[in-house]
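# Observations on chain architecture
Read off the chains here:
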Amino acid sequence: MDVLLAIVGQFGLYGLLTVGIAVIFAATRVVNLAQGDLAMAGAYVAATATTAPFGVRTLLALAAGVPLLLVVERLLLRRPGSDGLAAMLVTWGLGMALRQGAELLFTGTSRTVAVPVDGTLDVLGTPYPAYRLVCALTAVAVIGVVLVAAHRTDWGLRLRAVADNPPMAALLGTDPRRMRATAFTVGGLLAVLAGALYSPVLAVNPSMGFGLLVPVFFGLLLSRPGALATAAGAALLISALSVLLRTWLSDTLAEALFYAVVVAIAALRSRPWIGRFSAWFRRTPAPASAA
């Protein structure tokens, strides 16, 4: 049960970040390399605004993230146009700016955030830190809301339309630019929320964003563009792999093997025969014709 709870907790963090970067990629076809640094920014808001309750600090982080994300999307990401590499480099520059700004303001020393919910809870006979459980359930609930919105609302329909065919979506009344701005903001806010929410269980420092970006980037590689459910599934797979390896092996060996396994999975997924097998496996048999 300890391992299962640890996987759920890790999935909350990786799931928010991976689904967020998948939302951005679906609408813009840009890999947001600042996703981890946005989480770092949210964690620093929770670590510095200590006079306010933790819930208020989380809301402050989200409120501060909205204008930042809108300005970045409007002033920086719209100019590269269809050049995905240039837009990706813009997000890399944004992440570097956030990282260097945090180091200038707060130095490189790690900070800790007080846990807002003390004590432990008994889960099927296993004691587990109360805040870790609350944090994980909150993150999973937010991921569920995003997936429902993507598949059951008009916003999700428009997002998939822009992801599949922007010119056709524009002809049908959807403004691709507005949808891209909305998607970039929503995806970035999921990262800010992840950083603020998990700040009490992480070491808050300027370089924490890069450590979070690597598994999230692999999660995006393992998912299908525009299919947010596959991004959540990839985050769950990576979370389970990370927790299981750290349970069985030392931290150093587990980290090295984790990257090796994920790279191997990503490489196998790119093989043409894997795609053909997946398409055959998902194929629905045609109904037999009446005699």
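Preceding this section is the structure that the text describes.
In what follows, the accompanying structure is described. (Residues numbered from 1 in each chain as written. Predicted model: local features only at pLDDT ≥ 70, side-chain atom pairs only at ≥ 80, totals over all residues. Heavy atoms only, no water.)

## Some thoughts on the nonpolar core
We count it as follows: The definition of a nonpolar core used throughout is a set of buried Ala, Val, Leu, Ile, Met, Phe, Trp, Tyr and Cys residues joined through side-chain atoms within 4.5 Å. Classification of residues uses two cut-offs on accessible area relative to the type maximum, computed with a 1.4 Å probe and protein chains only: under 20% is buried, over 50% is exposed, and between them is partly exposed. Starting at the N terminus, helices and strands are each numbered in turn, a helix being any DSSP run of H or I of at least four residues and a strand any DSSP run of E of at least two.
Core analysis: the largest hydrophobic core is formed by 77 residues, its most contacted members being Leu16, Leu17 and Leu228. Per-element accounting of this core gives the leading share, 13 residues, to helix H1 (residues 2–28).

## Let's talk about the environment of Tyr259
So the rule is basically this: Any pair of residues with heavy atoms lying within 4.5 Å of one another is described as a contacting pair.
Here Tyr259 shows up in helix H11 (residues 251–269). A sequence separation of 17 residues divides Tyr259 from Ser242, and the C-alpha atoms of the two residues are 9.4 Å apart. Apart from residues lying up to four places away in sequence, Tyr259 is in contact with Val214 and Phe218.

## Quick word on the layout of surface pockets
Note the following rule: Two kinds of site are reported from a 1 Å grid over the protein atoms alone, namely cavities, where a 1.4 Å probe fits but cannot get out, and pockets, open sets with protein on both sides within 12 Å along at least five of seven lines, and residues are called lining when an atom falls within 4 Å of a point. Grid points are joined across faces, edges and corners, and a volume is the space filled by probe spheres set on the points. We call Asp, Glu, Lys and Arg charged. Ala, Val, Leu, Ile, Met, Phe, Trp, Tyr, Cys and Pro are nonpolar, and the rest, Gly among them, are polar.
By volume, the largest pocket is sized at about 700 Å³. Lining of the largest pocket is provided by 25 residues; of these, Gln10, Leu13, Tyr14, Leu202 and Leu212 occupy positions nearest its centre. When residues of the lining of the largest pocket are traced back to their parent elements, those giving at least two are H1, helix H5 (130–152), helix H9 (208–222), helix H10 (228–248) and H11. Examining the composition of the lining of the largest pocket, we find that 6 residues originate from one element, H1, more than from any other. Counted by class, the lining of the largest pocket contains 16 nonpolar, 6 polar and 3 charged residues.

## Let's talk about the packing of H1 against H9
Each pair of packed helices can be summarised by the angle the axes make with each other and by the distance between the axes. Put simply, the rule is: Simply put, an axis is a line fit to the C-alpha atoms, just over the touching stretch for a helix, and the angle between two N-to-C directions goes from 0 to 180 degrees. Here the word oblique covers every angle except those under 35 degrees (roughly parallel), over 145 (roughly antiparallel) and from 65 to 115 (roughly perpendicular). Crossing handedness is read from the near helix: turned anticlockwise from the far helix by less than a right angle, it gives a left-handed crossing, and turned clockwise, a right-handed one.
Contact geometry of H1 with H9 gives a least axis separation of 9 Å together with a crossing angle of 55°. Taken together, the axis directions place H1 and H9 in an arrangement best described as oblique. The chirality of how H1 crosses H9 is right-handed. Every residue of H9 that contacts H1 at Leu13, Tyr14, Leu17, Thr18, Ile21, Ala22 and Phe25 is listed here: Leu212, Pro215, Val216, Gly219 and Leu220. Looking at the contact of H1 with H9 residue by residue, the class counts come to 10 nonpolar, 2 polar and no charged.

## Considerations on unusual backbone geometry
Non-glycine residue Arg29 carries a positive phi angle of around 55°. One non-glycine residue, Thr107, lies in the positive phi region at around 65°. Mapping Thr107 onto the fold places it in the loop between helix H4 (84–106) and strand E1 (120–123).

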